[in-house]
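# Geometric and topological summary
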Amino acid sequence: PAESSGIKQKIEMAVTGSTKRGKVTFPAKLHQILANPDHAHIVSWLPGGRTWKIHSASELEEKIIPKYFESMTKRASFTRQMSAWGFIR
């Protein structure tokens with residue numbers, strides 16, 4: 001069915017980190033952000049490595065979002081992307 005092919009495509013994009021057009025996916029960019037120690041005071045993994053936390057929402061919006069997500073300007077857009085990819089608050 002069409003639904004399972006859409007889910008399959010989303011899983012493939014998340015695993016490979018890019019779309020068919022070569023754009024880096026949201027989860028791949030998020031992983032780049034979390035892997036960068038320079039951003040740890042803004043957003044970082046929590047102990048255990050399964051969850052992460054935004055420590056400074058204002059710095060996320062001012063420094064991280066514009067640098068990694070060209071089409072986003074607000075934290076609300078970032079939050080929508082998290083939800084679209086299945087992340088839970």
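Residues numbered from 1 in each chain as written. Predicted model: local features only at pLDDT ≥ 70, side-chain atom pairs only at ≥ 80, totals over all residues. Heavy atoms only, no water.

## What about the overall build of the protein chain?
- Looking only at helices and strands, one finds four helices and two strands in the protein chain.
- Tracing the protein chain from N to C terminus, the helices and strands come up as α-α-β-β-α-α.
- In the protein chain, buried positions account for 30% of the 89 residues.
- In the protein chain, of all internal contacts separated by at least 6 residues, the share reaching a separation of at least 24 is 34%.
- A total accessible area of about 6,400 Å² is found for the protein chain, and carbon and sulfur atoms account for 55% of it. (Helix = DSSP H or I, 4+ residues; strand = E, 2+ residues; numbered from the N terminus. Buried < 20%, exposed > 50% of the residue type's maximum accessible area, 1.4 Å probe, protein only. Contact = heavy atoms within 4.5 Å. Areas by Shrake-Rupley, 256 points an atom, 1.4 Å probe, with all protein chains shown as cover.)

## Side note on the environment of Ile 42
- By the secondary structure assignment, Ile 42 is in the loop between α2 (26-35) and β1 (43-45).
- What makes Ile 42 buried here is its relative accessible area of 2%.
- Spatially, the C-alpha atoms of Ile 42 and Leu 60 are 6.2 Å apart, while their sequence positions differ by 18 residues.
- Residues within four places of Ile 42 in sequence aside, it is in contact with Lys 53, Ile 54, His 55, Ser 56, Glu 59, Leu 60, Lys 63 and Ile 64.

## Quick notes on the side chain of Ser 77
- Note on placement: Ser 77 falls in helix α4 (residues 75-84).
- Here Arg 80 takes part through its side chain, which lies 3.2 Å from a polar atom of the side chain of Ser 77. (Polar contact = N/O pair within 3.5 Å; in protein donor to acceptor, adjacent residues only side chain to side chain.)

## Brief notes about the side chain of Lys 29
- Along the chain, Lys 29 turns up in helix α2.
- When neighbours within four sequence positions are excluded, Lys 29 is seen to be in contact with Val 24, Tyr 68, Phe 69 and Glu 70.

## Details of the layout of surface pockets
- Considered as a void within the structure, the largest pocket measures approximately 390 Å³ in volume.
- Of all the secondary structure elements, the ones that give two or more residues to the lining of the largest pocket are β2 (52-54) and α4.
- The leading source of residues in the lining of the largest pocket is α4, at five residues. (1 Å grid on protein atoms, 1.4 Å probe; cavity = no way out; pocket = protein on both sides within 12 Å on 5 of 7 lines; lining within 4 Å. Points joined across faces, edges and corners; volume = space filled by probe spheres on them.)

## Some words on the nonpolar core
- The biggest cluster of nonpolar side chains holds 15 residues, and the ones touching the most others in it are Phe 26, Trp 52, Phe 69 and Phe 78.
- Elements supplying a minimum of two residues to this core: α2, α3 (57-68) and α4.
- Here Phe 26 is in contact with Phe 69, Met 72, Phe 78, Gln 81, Met 82, Trp 85 and Phe 87, once residues within four sequence places are set aside. (Core = buried A, V, L, I, M, F, W, Y, C linked by side-chain atoms within 4.5 Å.)

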